[in-house]
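Residue strings, one per chain:
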Amino acid sequence: MSLQFESVLAETDIILDGIMLTIGLSASAIVLGLIFAVLLVALRTLAGRWAGIAVDCYVELMRNTPFLVQLFMIFFGLPLVGIRMSGTQAALLAMTLNLAAYATEIIRAGVDSIHKSQLEAGLSLALSKRQVFQYVVLQPAFARVWPALSSQFVLMMLASSICSFISVQELSGAAAIIEQRTFRSFETYIIVTVIYLLLALSLKVFLLWLGQRLFAPVSGLARVDVKAEAA
Amino acid sequence: MPAVLIDDVHKRFGNLEVLKGVSLTVEPGQVVALIGRSGSGKSTLLRCINGLEAIQSGRIEVAGHIVDQDPKHLRELRKDVGIVFQSYNLFPHLTVSQNIMLSPRITQNVPQAQAETLAREVLAQVGLSEKFDSYPDNLSGGQQQRVAIARSLAMRPKVMLFDEVTSALDPELTGEVLLVMEKLAKGGMTMLLVTHEMNFARNVASTTIFMHQGKIWESGPSRELFSNPQTPELRNFVSAGAH
Ligand SMILES: Nc1ncnc2c1ncn2[C@@H]1O[C@H](COP(=O)(O)OP(=O)(O)OP(=O)(O)O)[C@@H](O)[C@H]1O
Ligand SMILES: [Mg+2]
């Protein structure tokens, strides 16, 4: 067996476009999904019982069905009710909704882990329940579950490859095209594998860095650092 | 009008009756100490006063507010009634000054600059001006508790409640916190405090109340109460060294 990368590497443009789309889709889905998740957790924490049940149902629905099926439901289903969207838009929506569900579950665990005495301290300072959630609970909760959230973000970035099923030309979609043009399947996917690996590792490192920047005073890690410095 | 008026308050947790008809008053500027064995209902009583616990019957009025469970009433009440807990409960993600400014900023719309001045003022009051930008985790327990007191003071409360605020501290750190409280008392603050520090109760509180099994068992001027306990329960409690 001889590996020949030349013909594959000649398609660098497609690969680069694919990388950009993978990054763009993932970054947008992460930001939008996170915002949506925070709203869902707030709803679940602050609004009445029925809102909580609705949020739980949504979370369970998304976490117990395959992402591919969710993607198809959005891409093929929404046009039937008159909502037209491009493959990329459908991909972004599916990724956002899927990530939001997982992130909701993770953030909720973080919120639950905040000790009751913190809430009581906030309430005793005349804060409303919403203000306690917003100013007292949210940031420490995020700090605690940031590693779990980070893993989820990386998983979502990798799962974006599934969007190639609806002809979105993110990295995997780009690979499929190159494969058809060059008939060099193995070489193509070696390159794609390396790129995904680098993307995933970079995202992980970036998220670690971001977490330390954002949550330094509340993360156990940073605390150790401060003490070590003082010593 | 008393600063705190508690009238025949009953409080149950499920089937467990924790407060069995408690009545007391605290006059403006008065310092009252609550003592008693573990489980006698001292914390519960304090928590009822600022509405953290709902009562089953009786009446509580504090700083001109009638305590009920309406969230809006509770917020108004808590602007006038500070509470400091045994476990400090500072917010770990906020600096000392941010801890102090949070509520004035968002519940009383104090502008940032004014809130900073306020924070400096109350930090000076507890002797921690230099910790303005520190995070709670980098402070000793005694310092954290003084910040917690400062955070309450920044609300300009009319009444302060203290629940065993030195019990979590190493012995060498209790002094600095008690000193701050003594200063507050001398400054005319109305205080109701649960404490295991019998000397503090005797010397700083004008009145001491001994709670036993969910009732006020005995109360009176602190010095008299300690030197001449009337009930065997209080006599036991005092001679057992308070623990
Ligand atoms: N949230 C709760 N649910 C059920 N029981 C409770 C609750 N809070 C307190 N109790 C019970 O009420 C009783 C009185 O508790 P409380 O904390 O008021 O006592 P205390 O006098 O403050 O004791 P300590 O000196 O140990 O702080 C105890 O038997 C306790 O177990
Ligand atoms: Mg107690």
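It should be emphasised that the depicted structure is a prediction, and the values quoted were computed from it without experimental measurement. (Residues numbered from 1 in each chain as written. Chains lettered and ligands numbered in written order. Predicted model: local features only at pLDDT ≥ 70, side-chain atom pairs only at ≥ 80, totals over all residues. Heavy atoms only, no water.)

## As for the overall build of chain A
For step 1, the next point in the chain: Assigned secondary structure in chain A consists of ten helices and zero strands.
For step 2, the next point in the chain: Counting from the amino terminus, chain A carries its helices and strands in the arrangement α-α-α-α-α-α-α-α-α-α.
For step 3, the next point in the chain: Based on the C-alpha atoms only, the size of chain A along its principal axes is roughly 70 × 60 × 25 Å.
For step 4, the next point in the chain: Here chain A holds 231 residues, and 45% of them are scored as buried.
For step 5, the next point in the chain: Residue pairs in contact within chain A that sit at least 24 positions apart in sequence constitute 76% of those at least 6 positions apart. (Helix = DSSP H or I, 4+ residues; strand = E, 2+ residues; numbered from the N terminus. Buried < 20%, exposed > 50% of the residue type's maximum accessible area, 1.4 Å probe, protein only. Contact = heavy atoms within 4.5 Å.)

## As for the overall build of chain B
For step 1, the next point in the chain: When helices and strands are tallied, chain B shows nine helices and ten strands.
For step 2, the next point in the chain: Relative to the 2.2 N^0.38 estimate, which gives 18 Å for 243 residues, the radius of gyration of chain B is 18 Å and therefore close to what a compact globule would have.
For step 3, the next point in the chain: Structurally, chain B occupies a C-alpha span of about 55 × 40 × 35 Å along its principal axes.
For step 4, the next point in the chain: Looking at chain B as a whole, 57% of its 243 residues are labelled buried.
For step 5, the next point in the chain: Across chain B, every contact between residues at least 6 apart in sequence was considered, and the portion connecting residues at least 24 apart equals 65%.
For step 6, the next point in the chain: Mean positive and mean negative side-chain charge positions of chain B (24 and 25 charges, respectively) differ by 2 Å. (Rg over C-alpha atoms; globule rule 2.2 N^0.38 Å. Lys, Arg positive; Asp, Glu negative; His and termini not counted. Charge placed at Lys NZ, Arg CZ, Asp CG, Glu CD.)

## Digging into the site of ligand 1
Residue and element names in this part refer to chain B.
For step 1, the next point in the chain: Residues in contact with ligand 1 amount to 13 residues; listed here are only the nearest, Ser38, Gly39, Lys42, Ser43 and Thr44.
For step 2, the next point in the chain: Between ligand 1 and the protein, one listed contact pairs an oxygen atom with a backbone N or O atom of Gly39 at 2.8 Å.
For step 3, the next point in the chain: Gly41 is positioned with one of its backbone polar atoms (N or O) 3.0 Å from an oxygen atom of ligand 1.
For step 4, the next point in the chain: Counting residues per element, the ones that place at least two in the shell around ligand 1 are strand S2 (16-26) and helix H1 (42-49).
For step 5, the next point in the chain: Broken down by element, the residue count for the shell around ligand 1 peaks at three residues, all from H1.
For step 6, the next point in the chain: Partitioned by chemical class, the residues of the shell around ligand 1 number three nonpolar, seven polar and three charged. (Near = heavy atom within 4 Å. Polar contact = N/O pair within 3.5 Å; in protein donor to acceptor, adjacent residues only side chain to side chain. Nonpolar A, V, L, I, M, F, W, Y, C, P; charged D, E, K, R; others polar.)

## Section: the packing of aromatic side chains
For step 1, the next point in the chain: Under the criterion given, the structure shown has eight aromatic pairs over all chains.
For step 2, the next point in the chain: Considering the side-chain rings of Trp146 of chain A and Phe215 of chain A, the 5.5 Å spacing of their centres and the 65° angle between planes classify their relative orientation as edge-to-face. Taken together, the residues Trp146 of chain A in helix H7 (residues 129-159) and Phe215 of chain A in helix H9 (residues 185-215) connect sequence positions 69 residues apart.
For step 3, the next point in the chain: By relative accessible area, which is 9% here, Trp146 of chain A ends up buried.
For step 4, the next point in the chain: Look at Phe215 of chain A and you get buried, because its relative accessible area is 7%.
For step 5, the next point in the chain: The ring of Phe91 of chain B carries the charged tip of Arg151 of chain B above its face, separated from the ring centre by 4.5 Å.
For step 6, the next point in the chain: In this structure, Arg202 of chain B packs its charged tip against the face of Phe226 of chain B, placed 5.1 Å from the ring centre. (Phe/Tyr/Trp six-rings, centres within 6.5 Å; stacked < 30°, edge-to-face > 60°. Lys NZ or Arg CZ within 6 Å of the ring centre and 35° of its normal.)

## So, the confidence of the model for chain B
For step 1, the next point in the chain: Chain-level statistics for chain B give a pLDDT mean of 95 and a share of 99% at 70 or above.
For step 2, the next point in the chain: Here the predicted complex scores 0.91 on pTM and 0.95 on ipTM. (pLDDT = per-residue confidence, 0-100.)

## Describing a nonpolar patch on the surface
Residue and element names in this part refer to chain A.
For step 1, the next point in the chain: On the surface, a cluster of nonpolar side chains totalling about 370 Å² of accessible area is made up of Val31, Leu32, Ile35 and Leu39.
For step 2, the next point in the chain: Along the chain, Val31 falls in helix H2 (residues 12-46).
For step 3, the next point in the chain: The class of Val31 is partly exposed, set by a relative accessible area of 48%. (Patch = residues over 30% accessible without salt bridge, like charges linked within 9 Å, V, L, I, M, F, W, Y side chains within 5 Å. Areas by Shrake-Rupley, 256 points an atom, 1.4 Å probe, with all protein chains shown as cover. Salt bridge = Lys/Arg side-chain N within 4 Å of Asp/Glu carboxyl O.)

## Some points on unusual backbone geometry
All names here are of chain B.
For step 1, the next point in the chain: With a phi angle near 50°, Asp8 is a residue other than glycine that sits in the positive phi range.
For step 2, the next point in the chain: In this fold, Asp8 is placed in strand S1 (residues 4-13).
For step 3, the next point in the chain: A residue is classified by how much of its surface remains accessible, and Asp8, at 38% relative accessible area, is partly exposed.
For step 4, the next point in the chain: Positive phi outside glycine occurs at Ala63, with the angle close to 50°.
For step 5, the next point in the chain: Relative to the elements of secondary structure, Ala63 occurs in the loop between strand S4 (57-62) and strand S5 (65-66).

## Structural notes on empty space enclosed by the protein
For step 1, the next point in the chain: In the structure shown here, the tally under the stated rule is two cavities of 30 Å³ or more.
For step 2, the next point in the chain: Its volume calculated, the largest cavity comes out at about 70 Å³.
For step 3, the next point in the chain: Ala121, Ser124 and Leu125 of chain A together with Gly82, Ile83, Val84, Phe85, Tyr88, Ala148, Arg151 and Ser152 of chain B are the residues that line the largest cavity.
For step 4, the next point in the chain: Only helix H6 (116-124) of chain A together with strand S6 (81-84) and helix H5 (141-153) of chain B provide two or more residues apiece to the lining of the largest cavity.
For step 5, the next point in the chain: Here the residues of the lining of the largest cavity are counted per class, giving seven nonpolar, three polar and one charged.
For step 6, the next point in the chain: If you add up the space inside the second largest cavity, you get close to 50 Å³.
For step 7, the next point in the chain: Class assignment for the residues of the lining of the second largest cavity results in seven nonpolar, two polar and one charged. (1 Å grid on protein atoms, 1.4 Å probe; cavity = no way out; pocket = protein on both sides within 12 Å on 5 of 7 lines; lining within 4 Å. Points joined across faces, edges and corners; volume = space filled by probe spheres on them.)

## With respect to the nonpolar core
For step 1, the next point in the chain: One finds Ile107, Phe142 and Leu149 of chain A together with Ile6, Ile49 and Val62 of chain B to be the most contacted residues of the largest nonpolar core, which totals 98 residues.
For step 2, the next point in the chain: At 15 residues, the largest contribution of residues to this core is made by H7 of chain A.
For step 3, the next point in the chain: Leaving out residues up to four positions away in the same chain, Ile6 of chain B has contacts with Val22, Ser23, Leu24, Leu45, Ile49, Arg59 and Ile60 of chain B.
For step 4, the next point in the chain: Ranked by size, the runner-up nonpolar core spans 49 residues in total, among them Ala33, Leu118, Met181 and Ala201 of chain B. (Core = buried A, V, L, I, M, F, W, Y, C linked by side-chain atoms within 4.5 Å.)

## A closer look at the sheet that holds strand S8 (residues 190-194) of chain B
Residues and elements named next belong to chain B.
For step 1, the next point in the chain: Here six strands make up an open sheet; going across it, the order is S6-S7-S8-S3-S9-S10 and the pairing mixed. Edge strands, defined here as strands with exactly one partner in the open sheet, are S6 and strand S10 (215-221). Strand-to-strand twist in this sheet, taken as the mean axis angle between neighbours without regard to direction, amounts to 15°.
For step 2, the next point in the chain: Taken together, the five bridges between strand S3 (residues 31-36) and strand S9 (residues 207-212) define a ladder with parallel strand orientation. Residue pairing in the sheet places Val32 in a bridge with Thr207 of S9.
For step 3, the next point in the chain: Running over the sheet, helix H2 (residues 71-80) touches S6 and strand S7 (159-163) and is turned about 75° from S6.
For step 4, the next point in the chain: Across the sheet, helix H9 (residues 232-239) is in contact with S3, S9 and S10; its angle to S9 comes to roughly 105°. (Pairing = 2+ DSSP bridges. Axes fitted to C-alpha atoms, helices over the stretch in contact; angles between N-to-C directions.)

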